[in-house]
Amino acid sequence: MTKIPHRLYLTEDQMPKQWYNLRADMKEQPDPIINPATMRPAVEEDLYPVFCKKLAHQEMDAQTRFVDIPEPVQEMYKIYRPSPLIRAYELERALDTPARIYYKFEGNNTSGSHKLNSAIAQAYYAKEQGLTSLTTETGAGQWGTALSEACCYFDIPLTVYMVKVSYEQKPFRKSVMHTFDANVIASPSETTEVGRRILAENPKTTGSLGCAISEAVEKAVTTKGCRYVLGSVLNQVLLHQSIIGLESQTAMEILGEYPDIIIGCAGGGSNLGGLIAPFMRDKLTGKANPRIIAVEPASCPSFTRGKYAYDFCDTGKITPMARMYTLGCGFIPSANHAGGLRYHGMSPILSKLYHDGYMEAVSVEQTSVFEAATYFAKHETILPAPESAHAIRAAIDEALKCKESGESKTILFGLTGTGYFDMTAYASYQEGHMQDYIPTDEELQKGFDSLPHIPDIQ
Ligand SMILES: *Cc1c(COP(=O)(O)O)cnc(C)c1O
């Protein structure tokens, strides 16, 4: 057997030149998205006012198995990719487990997360269509940062509506976005009608993701040559993120390895969907049968306690409705330090696969997540993002089960990013102030009550 290095980097020539569209191999498709204006399944053209055309096409295209990655996108990928597949030798030793643990590290770029993989594609297609500006929202700031980098590279102006509380609490995130020339606006703001209305009703509000989405969409549809972009959940985003899984699979092939268990954190599902894509293909086609585990916060348990129902993708109820595991678009998650996992819904593709029994899900509490993050940092010397640490927690738990049973399983997990902007959270854990919060059934019911009523469907 090949001697397995600590870090395997593919060469540039070995990088994928096509993304993989998981829907092409699904036996049953996710249910169609519904246009709230007509209450009928949406068609590609319905999406044109909000998304650029190529992306609207990718959103609806369930047939094309492999999609060429445009040359300019490949060029920008090469600035920070291929990302390493790392053998966690030190973690294995510390745990004294017979399991072989690998992780795919996506934090090696300034935005600090995998989100850049889709930001680049979305900025490129917008530029190609001749659009003159883009808008988006950002909560914790990772998506806004990634898109700022991509828009700066392709020279397309970007306005980011940043939830006011993050705008004030994470000033350095804002400075990174400014470095890449983004226009960052604290939301709610005076720049949109919906923002002015919310401010008039509640001048002291610190904002919410739902409100920031509403502002960004309003700005896009009322500005000539402007469109809106979203960093997770959508089918197109999972397509772009398949580069994570494709690189992982090539790297594992080189090492003569194949994962028995694949683990990823799940917020809107984009990194997990990307990581598992080619392995799920093997599972769907009967070539292999790895276990696939989604890990979510106990405070925002879309898979493990949510309903499989049609819902809006935003709190403002302006986006199309998708059938997914959801806590209800009116669900307000408690403060949790993994900001990137505080989303009420889940990718419709992953929701369908989970519903049909192709994957599992677990929820974990944040103090045990930070315990895992700290343990991992000490042994592997990478300071993980709190979101990524959810996957670490589950990987450690699986490795400990191997220790008990004496089985030498191969575990692959996604390390989506670094945690340098989350040191307040680490400090709170270290000082013993961190609390775990699990919503009661009554609290979840309030979210379910906000699910839309759709004639003849639900
Ligand atoms: C945004 C984010 C996530 C969660 O988003 P997904 O779309 O579920 O992948 C996970 N990790 C990091 C570091 C993030 O920034």
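One can find the structure itself at the top, above this paragraph.
Thresholds, definitions, all that
- Residues numbered from 1 in each chain as written.
- Predicted model: local features only at pLDDT ≥ 70, side-chain atom pairs only at ≥ 80, totals over all residues.
- Heavy atoms only, no water.
- Salt bridge = Lys/Arg side-chain N within 4 Å of Asp/Glu carboxyl O.
- Helix = DSSP H or I, 4+ residues; strand = E, 2+ residues; numbered from the N terminus.
- Buried < 20%, exposed > 50% of the residue type's maximum accessible area, 1.4 Å probe, protein only.
- Core = buried A, V, L, I, M, F, W, Y, C linked by side-chain atoms within 4.5 Å.
- Domains from an automatic or database assignment.
- Contact = heavy atoms within 4.5 Å.
- Axes fitted to C-alpha atoms, helices over the stretch in contact; angles between N-to-C directions.
- Parallel < 35°, antiparallel > 145°, perpendicular 65-115°, else oblique.
- Left-handed = near helix turned anticlockwise from the far one by under 90°.
- Nonpolar A, V, L, I, M, F, W, Y, C, P; charged D, E, K, R; others polar.
- Pairing = 2+ DSSP bridges.
- Disulfide = S-S within 2.5 Å.

## Quick look at the pattern of salt bridges
Item 1. Scanning all chains against the criterion turns up 22 salt bridges.
Item 2. Between Asp25 and Arg65 there is a salt bridge, with its nearest N and O atoms 2.9 Å apart. One end of the pair, Asp25, is in the loop between strand S2 (18–20) and strand S3 (34–35); the other, Arg65, is in the loop between helix H1 (53–60) and strand S5 (66–68), and 40 residues separate them in sequence.
Item 3. Given a relative accessible area of 12%, Asp25 falls into the buried group.
Item 4. Taking the relative accessible area as the measure of exposure, Arg65 reaches 32% and is therefore partly exposed.

## Overview of the nonpolar core
Item 1. Membership of the largest hydrophobic core comes to 73 residues, with the highest contact counts inside it found for Trp19, Tyr77, Ile120, Phe303, Leu353 and Met359.
Item 2. Both domains that meet at this core, namely domain 1 (7–18 + 82–112 + 234–450) and domain 2 (132–224), each give it at least three residues.
Item 3. Excluding residues within four positions of it along the chain, Leu353 makes contact with Leu22, Met26, Met280, Leu284, Tyr358 and Met359.

## A look at the packing of helix H5 (residues 142–153) against helix H7 (residues 171–179)
Item 1. H7 packs onto H5 with a crossing angle of 15 degrees between their chain directions and a minimal axis gap of 8 Å. Classified by the angle their axes make, H5 and H7 are roughly parallel. Handedness of the crossing formed by H5 with H7: left-handed. Contacts between H5 and H7 involve Gln142, Gly144, Thr145 and Ser148 from the former and Arg173, Val176 and Met177 from the latter.
Item 2. Looking at the contact of H5 with H7 residue by residue, the class counts come to two nonpolar, four polar and one charged.

## Considering the side chain of Arg393
Item 1. Within the element layout of this structure, Arg393 appears in helix H15 (residues 386–405).
Item 2. Overall, Arg393 belongs to the buried group, its relative accessible area being 11%.
Item 3. Apart from residues no more than four positions distant in its own chain, Arg393 is found in contact with Val364, Ser368, Val369, Glu371 and Ala372.

## Things to note about the environment of Gln430
Item 1. Mapped onto the elements of the fold, Gln430 is located in helix H16 (residues 423–430).
Item 2. For Gln430, a relative accessible area of 59% puts it in the exposed group.

## Section: the sheet that holds strand S11 (residues 226–228)
Item 1. The strand order S10-S9-S8-S11 describes an open sheet built from four strands, whose pairing is parallel. Every interior strand has two partners, whereas the edge strands, strand S10 (183–187) and S11, have only one. Geometrically, the sheet is characterised by an average inter-axis angle of 25 degrees between neighbouring strands, direction not taken into account.
Item 2. Here strand S8 (residues 133–138) pairs with strand S9 (residues 158–163) via five bridges, running parallel. Bridge pairing links Glu137 to Tyr161 in S9.

## Section: the state of the cysteines
Item 1. The full count for this structure, using the stated rule, is zero disulfides.
Item 2. Of all cysteine sulfurs in the structure, the one in Cys151 sits closest to Cys52, which takes part in no disulfide; the separation is 11 Å.
Item 3. Judged by its relative accessible area of 3%, Cys52 is buried.

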